[in-house]
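Results of the structural survey
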Amino acid sequence: PHTSTRAGSERRSEQRRLLSSFTGSCDSDLLKFNQLKFRKKKLRFCKSHIHDWGLFAMEPIAADEMVIEYVGQNIRQVIADMREKRYEDEGIGSSYMFRVDHDTIIDATKCGNFARFINHSCNPNCYAKVITVESQKKIVIYSKQYINVNEEITYDYKFPIEDVKIPCLCGAENCRGTLN
């Protein structure tokens, strides 16, 4: 009896040590990202009144929750430029490229998930955030506010200002008129 009590106590002590070393060294982004993986939001894509296809909530989503990761291939700017031209030549109307930082772009055009269908809005209910998970940068879409069932998921694309304007069709009261 004495040895099993001692063994149990040592095991619990070892678990506490492991837990404290794990939580101490663990990046909060990693914890949040793991929560997303375990608690995926129920979403569907269908025709949007904003543009073409959109992503819609199939369950209520509280404010400040992770909605979905923007998944695709991590590529450099040089490759992005080449692919953009190739997609144009192939007649692919929309490319789904999301800039992570100066060097990295996530291309979801041919291999991505439903996140690529999220439309722009000048008054969005979500925002995109770059997080680092195990030294890899990821883009995650978070809710800015409470989102109702069947409400379209939107975020501000924050395109750079350019001479050739892309018209915005979001329909928000404060619509800027263009995406860039």
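As annotated in an unreviewed UniProt entry, the chain carries the name SET1B methyltransferase and comes from Staurois parvus. The UniProt entry for the chain carries this comment under Subcellular location (unreviewed entry): "Nucleus".

Description of the overall build of the chain
Broken down by element type, the chain carries three helices and ten strands. The order of helices and strands in the chain, counted from the N terminus, is α-α-β-β-β-β-α-β-β-β-β-β-β. Evaluated residue by residue, the chain yields a buried proportion of 34% over its 180 residues. Taking all contacts inside the chain whose residues are at least 6 apart in sequence as the whole, residues at least 24 apart take part in 62%. Total accessible area on the chain is roughly 11500 Å²; 53% of this is exposed by carbon and sulfur atoms.

Points about the nonpolar core
A general trend in soluble globular proteins is that nonpolar side chains are found buried together. Formed by 19 residues in total, the largest nonpolar core has its most connected members in Ile 68, Tyr 70, Ile 118 and Ile 153. Sorting the residues of this core by element identifies β2 (53–57), β3 (66–70), β9 (136–143) and β10 (152–155) as the ones contributing at least two each. The biggest single contributor to this core is β3, with three residues.

Points about the pairing of β10
Two faces make up the sheet, and in a regular strand the side chains alternate between them. Residue alternation in β10 divides its side chains into two sets, Glu 152 and Thr 154 and Ile 153 and Tyr 155, and both sets are buried. Looking at chain direction, β2 and β10 are connected through two bridges and run antiparallel. Each residue of the ladder has a partner; that of Phe 56, found in β10, is Glu 152. Strand direction decides the pairing type here: strand β7 (residues 119–120) and β10, joined by two bridges, are parallel. Paired with Asn 119 across the bridge in β10 is Thr 154.

Considerations on unusual backbone geometry
In this structure, Asp 52 takes a positive phi of about 50° despite not being glycine. Examined against the element boundaries, Asp 52 turns out to sit in the loop between β1 (43–47) and β2. When its relative accessible area of 38% is taken as the criterion, Asp 52 is described as partly exposed.

What about the environment of Cys 175?
Positionally, Cys 175 belongs in the segment after β10. The contacts of Cys 175, once residues within four sequence positions are left out, are Cys 122, Cys 168 and Cys 170.

Focus: the pairing of strand β8 (residues 126–133)
Note: β8 against β9, eight bridges, orientation antiparallel. Paired with Ala 128 across the bridge in β9 is Ile 141. Count of turn residues in the β8/β9 antiparallel hairpin: two residues, of which Glu 134 carries a positive phi of about 50°.

Quick look at the environment of Asn 174
As for its position among the elements, Asn 174 is in the segment after β10. Residue classification places Asn 174 among the partly exposed positions, given a relative accessible area of 43%. On a C-alpha basis, the gap between Asn 174 and Cys 122 in space is 6.6 Å, while along the polypeptide they are 52 residues apart. Not counting chain neighbours up to four residues away, the residues in contact with Asn 174 comprise Cys 122 and Asn 123. Here the side chain of Asn 174 touches Cys 122 through a polar contact of 3.4 Å, landing on its backbone oxygen.

Focus on the environment of Leu 169
Structurally, Leu 169 can be placed in the segment after β10. For the pair Leu 169 and Ile 50, spaced 119 residues apart in sequence, the C-alpha to C-alpha distance is 5.5 Å. Beyond its immediate sequence surroundings of up to four residues, Leu 169 is in contact with Ile 50 and His 51.

Thresholds, definitions, all that
- Note on numbering: residues in each chain are counted from 1, in written sequence order.
- Residue-level local features of this predicted model are given only where pLDDT is at least 70; pairs of side-chain atoms are given and counted only at 80 or more, and the full residue set underlies all totals for whole chains, interfaces and linings.
- Side-chain descriptors were evaluated using all non-hydrogen atoms of the structure, hydrogens and water having been removed beforehand.
- UniProt positions are given in the numbering used here, feature names are shortened, and annotations may be inferred rather than shown by experiment.
- The secondary structure listing takes helices from DSSP runs of H or I that are at least 4 residues long and strands from runs of E that are at least 2 residues long, numbered from the N terminus.
- Accessibility here uses a 1.4 Å probe with only protein chains present; expressed as a share of the type maximum, an area under 20% marks a residue as buried, one over 50% as exposed, and anything in between as partly exposed.
- Contact definition: two residues touch when any of their heavy atoms are within 4.5 Å.
- Per-residue and other accessible areas follow the Shrake-Rupley method at a 1.4 Å probe size, with only the shown protein chains counted as cover for residues.
- What we call a nonpolar core is a set of buried Ala, Val, Leu, Ile, Met, Phe, Trp, Tyr and Cys residues that are connected through their side-chain atoms within 4.5 Å.
- Two strands pair under a simple rule: DSSP has to find at least two bridges between them.
- A 3.5 Å cut-off defines polar contacts: any pair of N or O atoms within that distance qualifies, except that in protein one atom must be a possible hydrogen donor and the other a possible acceptor, and neighbouring residues in sequence count only when both atoms are side-chain atoms.

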